[in-house]
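The lines below spell out each chain.
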Amino acid sequence: MEQQGIDQRTTLSRVTTGMRVVDSAGVDVGTVDLVQRGDPNAVTVQAPTTDPGSSLDELIESATVEEPDVPADLAARLLRTGYLKVSTDLVPTGAVYVLADQISTVTPTEVTLNTPAATLPPEE
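I will try to describe carefully the structure that is included in this document.

Looking now at the packing of aromatic side chains. Counting across every chain of the model gives 1 aromatic pair. Judged by centre distance (5.6 Å) and plane angle (70 degrees), the rings of Y83 and Y97 are edge-to-face. Of this pair, Y83 sits in strand β3 (residues 82-87) while Y97 sits in strand β4 (residues 95-99), and the two are 14 residues apart along the sequence. Judged on exposure class, the residue Y83 and its partner Y97 are both buried.

Structure below.
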C-alpha cells in the first residue's frame, strides 16, 4: 500500500500545468489546470468557520472556493491521493478532477488515464 503512494507522488511530480490529458479510449479530455500532490494525513475537509472577530482578509479568504470543488467525501479522497484538475469542454462546469490512481502514464507532453473521461467527477 505504501509503495503505491510513493508511485502516485512520483507520477504526479512529472505532470505540469498545460499538459494534454487523454482518457483510456484515446479521447482528448483537456489540459491540466492544477496539479495537487496527495497528503496521506488529509482525512476530512471542513467548511471554513469565521468568528465575529475575524479580520476582513480572513473573511474574504473563507469565502473563496476551496479546491477541489466536489462533494466532501470525494474531496477528502482527492486530497489524500493527490489529483489533477483538467480544463475540458466535456462537462458544463468546464473542469473535471483526476485521481492520482487514475493516471496510467505520463510523457513529457501528455497524461494518459486508465479510465474513460465519462467517469471523471466534474467540478461543481
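Before going further, it helps to spend a moment on helix α3 (residues 72-81). All buried positions along α3 are accounted for by L74, A75, A76, L78 and T81. The first or second residue beyond α3 is G82, which carries a positive phi of 95 degrees.

This next bit is on the pairing of strand β2 (residues 28-37). Pairing of strand β1 (residues 20-22) with β2 involves 3 bridges; the strand directions are antiparallel. Looking across to β2, one finds that V21 is bridged to G30. Between β1 and β2, which pair antiparallel and follow one another directly, the connecting turn spans 5 residues, one of which, G26, has a positive phi of 85 degrees. In this structure, β2 lies alongside β3, joined through 6 bridges in antiparallel fashion. Its bridge partner being in β3, V32 is matched across the sheet by V86.

The residue Q102 is located in the loop between β4 and β5 (103-106) in this model. Classification of Q102 as buried rests on a relative accessible area of 13%. A polar contact is formed between the side chain of Q102 and the backbone nitrogen of L99, at a distance of 2.8 Å. Not counting residues within four places of it along the chain, the set of residues in contact with Q102 comprises Y97, L113, N114, T115, T119 and L120.

Scoring rules and cut-offs
Residues numbered from 1 in each chain as written. Predicted model: local features only at pLDDT ≥ 70, side-chain atom pairs only at ≥ 80, totals over all residues. Heavy atoms only, no water. Phe/Tyr/Trp six-rings, centres within 6.5 Å; stacked < 30°, edge-to-face > 60°. Helix = DSSP H or I, 4+ residues; strand = E, 2+ residues; numbered from the N terminus. Buried < 20%, exposed > 50% of the residue type's maximum accessible area, 1.4 Å probe, protein only. Pairing = 2+ DSSP bridges. Polar contact = N/O pair within 3.5 Å; in protein donor to acceptor, adjacent residues only side chain to side chain. Contact = heavy atoms within 4.5 Å.

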